[in-house]
Amino acid sequence: MAPRQGNVFKLAWPLKTIIQRSAFLALVSLAVGLLFLGKANIAAVDRLRMATTDFLAPVLTTISEPVSAFHRAVARVQSLTRLIEENERLREENARLLKWQAAGRALEQENENFRQLLNALSDPLVLPITARVIGDSGGPFVRTLLLNAGQRDGVRVGQAVVAPLGLIGRIAEVGDRSARVLLITDINSRIPVVLEKSRQKGILVGDNSTLPLLEFLPTTSTVAPGDRLVTSGDGGMLPAGRPIGFVSSVGERDIRVQGYADWNRLEYVSILRYDLPGMSGPEDNPGDLGESRLGESRLDAQ
Amino acid sequence: MNPTLAYQFNRFLRGSVPFALACLMALLGVVPTGISGFGIITPSLLTIAVFYWSIHRPYLMGAPLCFLLGVLSDFLTGAPLGLTSLLLLVVHGVTLSQRRIFIGKSFILSWFGYALIALLAALVGWLLSSLYSLAVLPFLPVMLQYALSLLVFPLFAFGFGILQNNLLRLT
């Protein structure tokens, strides 16, 4: 293999193979051991994992920058080719949305008036933190994203993460300057949801496919494809009424849900700092701006 | 005759190229590409790298390095820690034991070899992660990743070949 090696090395050759073989077996058992350790949820393993991602987050941010710039350039060229149709379509859509806006404002005001009449408690303020997606698991075994915001920005485990079109997941792990999002499609994801129209509650269960399952609905409930789903806010961890997706198919045994989010084009997402008074301590979920670095910069700007 | 320090350093740097490149591939594997359809499943570039170097320069891609690559990848993707390490070690071990068949043979044969070994790795990975999460995971994404890896294999094998013939001729 290597041409210039001494006699000692030749003698040591069989010894080296034996060592290599046993090292291989040792490494295989170490990997299996790590799998068991991970299953046992050892805090040290989690810390090490987040420390590594924290360390690599700037590198990932740097790499993902030109990639997304390239992607934007491609998208721009694509949109140039159908500028006129696009303009036409947007004009129509704008007219339609203006009508919806008027309707929405009227309803919001009406709702507010009713709330005041009934003396109902309004939901606490939700403050978003916007972060860039710097990593996408891409493998067949997990569905997670890496974000370039962490503990110092006010991100905490359990907070909801939304894309422009709807909820995409929750924060599962948080480091100092990076955080991992468990997407609603991951096998470990469970999100309390409610059917928008019938107000029946269920749990959205991920199974690593692109279409998560809707489970634990009341047996008497009627579901049809196209029914919209929003977060129910049960458990006090997620704000209520955030759009998630719609029922895509109703089978004999399972109900599949199509999320609103465009999984291919998640560039920026918002982390919702939601704090039900009395439900969580400030270290779990800092509800006010004062706690985070983002808040400081925002206050400085004022 | 001892080679000079500069020569040894040069040799070390050249020799570390496969591992460094594989680390970069692990990083690139998680960068969101935004290509439609590609964002959800990406090809498993690490198995390609480990397979190729296990055949052509096994002493530059030893078992400990495969293990490290796996740990790095697991940290980045959020997969169960140890899973990718185990898969890469399986690829490395099986490839190394069958090295004589591939070495100096046509490209098609090594592509075929990769198809078999990557299939084995995909099946083991699916089985292990299903056991890990105590549920039957959907099989389609695993096969999709396998098919994608198989498709991009010639591209990477070609690139590695150029690297091997130029940068690594002396090592």
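Everything quoted here is computed from the prediction, not taken from an experiment.

> Would you mind going over the packing of aromatic side chains with me for this structure?
If you walk through the whole model with that rule in mind, you get twelve aromatic pairs over all chains. Members of the aromatic cluster, connected to one another through ring pairs, are Phe51, Phe102, Phe107, Trp111, Tyr114 and Phe153 of chain B. If you follow Lys39 of chain A out to its NZ or CZ, it ends over the ring of Tyr132 of chain B, 4.8 Å from the centre.

> Can you help me understand a nonpolar patch on the surface in this one?
All names here are of chain B. On the surface, Ile101, Leu109, Phe112 and Leu116 cluster together into a nonpolar patch covering about 370 Å² of accessible area. The dominant element in the nonpolar patch, judged by the number of residues it contributes, is helix α7 (residues 107-133), at three residues. With respect to the element layout, Leu116 can be found in helix α7.

> How should I be thinking about the packing of helix α2 (residues 17-30) of chain B against helix α3 (residues 45-56) of chain B in this particular structure?
How two helices sit against one another is set out by the angle between their axes and by the gap between those axes. Residue and element names in this part refer to chain B. Running from N to C, α2 and α3 cross one another at 165°; their axes reach a closest spacing of 9 Å. Of the possible angle classes, the one that applies to α2 and α3 is roughly antiparallel. As α2 packs across α3, the resulting crossing turns out to be right-handed. Contact residues: Pro18, Ala22, Met25 and Ala26 in α2; Leu45, Leu46, Ala49 and Trp53 in α3.

> Just to check I follow, could you spell out the interface of chain A and chain B for this structure?
By a widely used convention, the size of an interface equals the accessible area lost when the partners come together. On the side of chain B, 50 residues touch chain A, which itself brings 45 residues to the contact. Both sides together, the interface formed by chain A and chain B hides about 4,100 Å², and carbon and sulfur atoms give 73% of it. When the buried area of chain A at its contact with chain B is split by residue, Leu35, Phe141 and Asn264 of chain A rank highest and sum to 16% of it. Here chain A and chain B share ten residue pairs in polar contact (both at pLDDT 80 or more) between them. Listed by contribution, the elements that provide at least two residues to the side of chain A that touches chain B are α1 (7-39), α2 (43-81), β1 (127-136) and β2 (144-147) of chain A. The element contributing the most residues to the side of chain A that touches chain B is α2 of chain A, with twelve residues.

> How should I be thinking about the environment of Gly206 of chain A in this particular structure?
Considering the arrangement of structural elements, one finds Gly206 of chain A in the loop between β7 (201-205) and β8 (213-215). As for Gly206 of chain A and Ile187 of chain A, which are separated by 19 residues in sequence, their C-alpha atoms are 4.7 Å apart.

> Please explain the sheet that holds strand β12 (residues 268-273) of chain A as it appears in this structure.
Consider a sheet: its strands pair through backbone hydrogen bonds, and that pairing is either parallel or antiparallel. The strand order β1-β2-β5-β4-β3-β12 (chain A) describes a closed barrel built from six strands, whose pairing is antiparallel. Pairwise comparison of adjacent strand axes, ignoring direction, gives a mean angle of 45° for this sheet.

> Is there a simple way to explain the nonpolar core in this structure?
Nonpolar side chains tend toward joint burial in soluble globular proteins. Grouped together as the largest cluster of nonpolar side chains are 62 residues, with contacts concentrated most on Leu60 of chain A together with Phe51 and Trp53 of chain B. Only α1 and α2 of chain A together with α2, α3, α4 (63-77), α5 (83-97), α7 and α8 (140-166) of chain B provide two or more residues apiece to this core. When residues of this core are assigned to their parent elements, the largest contribution, nine residues, is made by α3 of chain B. Ignoring anything within four residues of it in the chain, the contact list for Phe51 of chain B reads Val91, Thr95, Phe102, Ser110, Gly113, Tyr114, Ile117 and Phe153 of chain B.

> Would you mind going over unusual backbone geometry with me for this structure?
Most peptide bonds are trans, and most residues other than glycine sit at a negative phi. Residues and elements named next belong to chain A. Positive phi is not limited to glycine here, since Arg199 has a value of about 60°. Relative to the assigned elements, Arg199 resides in the loop between β6 (190-195) and β7. Note on Arg199: relative accessible area 52%, which makes it exposed. Even without glycine at this site, Phe216 takes up a positive phi of about 60°. Along the chain, Phe216 turns up in the loop between β8 and β9 (228-231).

> What exactly am I supposed to notice about the side chain of Arg256 of chain A here?
Assignment of secondary structure puts Arg256 of chain A in strand β11 (residues 255-259). Once residues lying within four places of it in the same chain are set aside, the contact partners of Arg256 of chain A are Asp207, Ser209, Leu211, Pro212, Leu213, Phe246, Val247, Ser248 and Ser249 of chain A.

> What is the right way to look at α5 of chain B in this model?
Each α-helix turn comprises 3.6 residues. Residues three or four places apart therefore point the same way. Taking 1.5 Å per residue, 15 residues should reach 21 Å; α5 of chain B reaches 21 Å between its end C-alpha atoms and fits that length. What α5 of chain B keeps buried is the set Leu83, Thr84, Ser85, Leu86, Leu87, Leu88, Leu89, Val91, His92 and Thr95 of chain B.

> What's the story with the packing of α3 of chain B against α5 of chain B in this structure? I'm lost.
Residues and elements named next belong to chain B. The contact between α3 and α5 brings their axes to 9 Å, and the two run at 25°. By the angle between their axes, α3 is roughly parallel relative to α5. The crossing of α3 and α5 is right-handed. Mapping the contact onto sequence places Leu46, Thr47, Val50, Phe51, Ser54 and Ile55 in α3 and Leu88, Val91, His92, Thr95 and Leu96 in α5.

> Help me understand the confidence of the model for chain A in this model?
As a general rule, the predicted coordinates of low-pLDDT regions are not to be interpreted in detail. Per-residue confidence for chain A gives a mean pLDDT of 82; residues scoring 70 or more make up 85%. Predicted confidence for residues 287-302 of chain A stays below pLDDT 50, and this span has 19 contacts to residues more than four positions away or in other chains.

> Would you take a moment to explain the pattern of salt bridges for this structure?
Two side chains that carry opposite charge are able to pair once their charged atoms sit near each other. All names here are of chain A. Inspection of the entire model under this criterion finds ten salt bridges over all chains. Taking the shortest distance from any N to any O, the salt bridge between Glu173 and Arg49 comes out at 3.7 Å. Pair noted here: Glu173 is in strand β4 (residues 166-174) and Arg49 is in helix α2, with a separation of 124 residues, a long-range link. Summarising the burial analysis for this pair, Glu173 and Arg49 share the class buried. Arg228 is the partner of Glu196 in a salt bridge, and the nearest nitrogen-oxygen pair spans 2.7 Å. With a gap of 32 residues between them, Glu196 in the loop between β6 and β7 and Arg228 in strand β9 connect regions that are remote in the sequence. Here Glu196 falls in the partly exposed class, since its relative accessible area comes to 33%. Via salt bridges that share partners, Arg49, Glu173 and Arg180 belong to a single interconnected network.

What counts, and where the lines are drawn
- Residues numbered from 1 in each chain as written.
- Chains lettered and ligands numbered in written order.
- Predicted model: local features only at pLDDT ≥ 70, side-chain atom pairs only at ≥ 80, totals over all residues.
- Heavy atoms only, no water.
- Phe/Tyr/Trp six-rings, centres within 6.5 Å; stacked < 30°, edge-to-face > 60°.
- Lys NZ or Arg CZ within 6 Å of the ring centre and 35° of its normal.
- Patch = residues over 30% accessible without salt bridge, like charges linked within 9 Å, V, L, I, M, F, W, Y side chains within 5 Å.
- Areas by Shrake-Rupley, 256 points an atom, 1.4 Å probe, with all protein chains shown as cover.
- Salt bridge = Lys/Arg side-chain N within 4 Å of Asp/Glu carboxyl O.
- Helix = DSSP H or I, 4+ residues; strand = E, 2+ residues; numbered from the N terminus.
- Axes fitted to C-alpha atoms, helices over the stretch in contact; angles between N-to-C directions.
- Parallel < 35°, antiparallel > 145°, perpendicular 65-115°, else oblique.
- Left-handed = near helix turned anticlockwise from the far one by under 90°.
- Contact = heavy atoms within 4.5 Å.
- Buried area = accessible area lost by both parts, 1.4 Å probe.
- Polar contact = N/O pair within 3.5 Å; in protein donor to acceptor, adjacent residues only side chain to side chain.
- Pairing = 2+ DSSP bridges.
- Core = buried A, V, L, I, M, F, W, Y, C linked by side-chain atoms within 4.5 Å.
- Buried < 20%, exposed > 50% of the residue type's maximum accessible area, 1.4 Å probe, protein only.
- Expected span 1.5 Å × (residues − 1).
- pLDDT = per-residue confidence, 0-100.

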